[in-house]
Amino acid sequence: MIGIFDSGAGGLSVYREIVRLLPGEKYVYYSDNAHCPYGEKTRDYIIDRARKITDFLLGEGCDVIVVACNTATAAAIATLRAEYDVPFIGMEPAVKQAALHTRSGVVGVLATAGTLKADKYHDTRDRYADGVEVVERIGEGFVELVEAGVLDGPEAEAVVGRSLRPLLDAGADMVVLGCTHYPFLLPVIRRLAGPGVTVIDPAPAAARHLLNVMKDRGLVRRDGQPTKIGDPKAADIRLFSSGPRAALERIFSIL
Ligand code: DGL
């Protein structure tokens, strides 16, 4: 059984990709929306939340956990791996992929404050973005838009534009989405960025990584209800949240 958690509904963008590859698994999704956003919280706070959620997911019978949150991955995954026996799959901004494919030599990264200040992110950037200019911006207000279900329209465009514009003005032709909430704003991001800019959602790569880890450890069991391949809503999934369920259900309904 696969456990997935995030500070809110954003991790459903990762679940959506996972279920394409593993349609017959059982899933438990935990939205920690009572404590959302994680982006401005301290590392210790996020580690504490990650432990509590991990205990909950293990109690539900999960044997692999996807930390479907870049901020929680940066803050807590090393601690979780040291303290628990189950495998943890984390999220990382796809700076490597962007640096390999940029033609302008400028890569834009949108992520939370927590991710952008973490050593884990700095290590990745310093390792893979050699010779490439990396321009970073916090996606100010993006998480709040997604949790409120405002995924398009003038308000979403105004909020997204404020953080995206500086990346485009700097010449970025690759924009990395370093927060799992942001893919739900992809139509707006793509429209504002224009056709010359590639926007990278790291969820498909994380899903492939999960599949490989599960195969290696013999965890692929397909014990859930058989579902139409790739239909996230038809899969065997239970949704939990620490706060009101409405936001989670709203995003789930549009998967
Ligand atoms: N979805 C999260 C991430 O990937 C966290 C957003 C937040 O709670 O600030 O970083």
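Scroll up a little and you will see the structure.
Colleague: Just to check I follow, could you spell out the sheet that holds strand E5 (residues 106–111) for this structure?
Modeller: Hydrogen bonds between backbone groups are what pair the strands of a sheet, and the pairing can be parallel or antiparallel. Judged by pairing direction, the sheet is parallel, and its four strands sit side by side in the order E6-E5-E7-E8 without closing on themselves. Lying at the two open borders of the sheet, with one neighbouring strand each, are strand E6 (133–138) and strand E8 (198–200). Each adjacent strand pair in this sheet contributes to an overall mean axis angle of 20°, direction not counted. Inspection of the sheet shows E5 paired to strand E7 (residues 174–178) by five bridges, in the parallel sense.

Colleague: Where do I start with the packing of aromatic side chains in this structure?
Modeller: Note on aromatic pairs: each is described by the distance of the centres and the angle between the planes. All told, the structure shown has six aromatic pairs when counted by the stated rule. Pairing Tyr-30 with Phe-56 gives two aromatic rings, centres 5.3 Å apart and planes at 55°, and the pair type is tilted. Residue Tyr-30 is located in strand E2 (residues 26–31), and its partner Phe-56 is located in helix H2 (residues 43–59); the two are separated by 26 residues in the primary sequence. Look at Phe-56 and you get partly exposed, because its relative accessible area is 26%. Through a chain of ring-to-ring contacts, the aromatic side chains of Tyr-15, Tyr-27 and Phe-252 assemble into a single cluster.

Colleague: Would you explain the nonpolar core in this entry?
Modeller: Generally speaking, a soluble globular protein has its nonpolar side chains buried in company with each other. Core analysis: the largest hydrophobic core is formed by 58 residues, its most contacted members being Ile-2, Leu-12, Tyr-15, Ile-18 and Tyr-27. Once you skip the residues sitting within four places of it in the chain, Tyr-27 turns out to touch Met-1, Ile-2, Ile-4, Tyr-15, Ile-18, Val-19, Leu-22, Ala-235, Asp-236, Ile-237 and Arg-238. Ile-46, Val-67, Ala-76 and Leu-80 belong to the second-largest nonpolar core, a separate cluster that totals 22 residues.

Colleague: Mind showing me how you'd approach the layout of surface pockets here?
Modeller: Which parts of space are left empty comes out when a probe the size of a water molecule is rolled across the atoms. Volume-wise, the largest pocket comes out at about 390 Å³. Together, 19 residues line the largest pocket, and Met-91, Glu-92, Pro-93, Ala-94 and Ala-205 are the ones closest to its centre. Mapped onto the lining of the largest pocket, the elements with two or more residues apiece are helix H3 (70–83), helix H4 (95–101), helix H6 (119–128) and helix H10 (203–216). Taken as a whole, the second largest pocket spans an internal volume of roughly 190 Å³. As for the second largest pocket, its lining consists of Lys-41, Thr-42, Arg-43, Ile-46, Thr-71, Ala-74, Ala-75, Gly-114, Lys-117, Ala-118, Asp-119 and Lys-120. Sorting the residues of the lining of the second largest pocket by element identifies H2, H3, helix H5 (113–117) and H6 as the ones contributing at least two each.

Colleague: Looking at this structure, I do not really get the packing of H2 against H3. What am I missing?
Modeller: Packed helix pairs are characterised by how far apart their axes lie and by the angle those axes make with each other. It is the contact of H2 with H3, at a shortest axis distance of 9 Å, that shows an interaxial angle of 55°. It follows from the interaxial angle that H2 and H3 lie oblique. When the axes of H2 and H3 are compared, the crossing they make is right-handed. In contact with Arg-43, Ile-46, Ile-47, Ala-50, Arg-51 and Thr-54 of H2, H3 contributes Thr-71, Ala-72, Ala-75, Ala-76, Thr-79, Leu-80 and Glu-83. Here the residues of the contact of H2 with H3 sort into seven nonpolar, three polar and three charged.

Colleague: How should the sheet that holds strand E3 (residues 64–67) be read in this particular structure?
Modeller: With parallel pairing, the five strands of this open sheet are ordered in space as E4-E3-E1-E2-E9. Sheet topology places strand E4 (88–89) and strand E9 (236–241) at the edges, where each strand pairs with a single neighbour. In the sheet, strand E1 (residues 2–6) pairs with E2 via five bridges, with the strands oriented parallel. Across the sheet, residue Asp-6 finds its bridge partner in E2, namely Ser-31.

Colleague: Would you take a moment to explain empty space enclosed by the protein for this structure?
Modeller: With the rule as written, the count across this model stands at two cavities of 30 Å³ or more. In this structure, the largest cavity spans a volume of roughly 60 Å³. Ser-7, Tyr-38, Thr-71, Thr-112 and Val-143 are the residues nearest the centre of the largest cavity, which is lined by 13 residues in total. One number sums up the size of the second largest cavity: a volume of about 50 Å³. Surrounding the second largest cavity, Asn-70, Ala-74, Met-91, Glu-92, Pro-93, Thr-115, Lys-120 and Tyr-121 form its lining. Those elements that place two or more of their residues in the lining of the second largest cavity are H3 and H6. A class-by-class count of the residues in the lining of the second largest cavity yields four nonpolar, two polar and two charged.

Cut-offs applied
Residues numbered from 1 in each chain as written. Predicted model: local features only at pLDDT ≥ 70, side-chain atom pairs only at ≥ 80, totals over all residues. Heavy atoms only, no water. Pairing = 2+ DSSP bridges. Helix = DSSP H or I, 4+ residues; strand = E, 2+ residues; numbered from the N terminus. Axes fitted to C-alpha atoms, helices over the stretch in contact; angles between N-to-C directions. Phe/Tyr/Trp six-rings, centres within 6.5 Å; stacked < 30°, edge-to-face > 60°. Buried < 20%, exposed > 50% of the residue type's maximum accessible area, 1.4 Å probe, protein only. Core = buried A, V, L, I, M, F, W, Y, C linked by side-chain atoms within 4.5 Å. Contact = heavy atoms within 4.5 Å. 1 Å grid on protein atoms, 1.4 Å probe; cavity = no way out; pocket = protein on both sides within 12 Å on 5 of 7 lines; lining within 4 Å. Points joined across faces, edges and corners; volume = space filled by probe spheres on them. Parallel < 35°, antiparallel > 145°, perpendicular 65-115°, else oblique. Left-handed = near helix turned anticlockwise from the far one by under 90°. Nonpolar A, V, L, I, M, F, W, Y, C, P; charged D, E, K, R; others polar.

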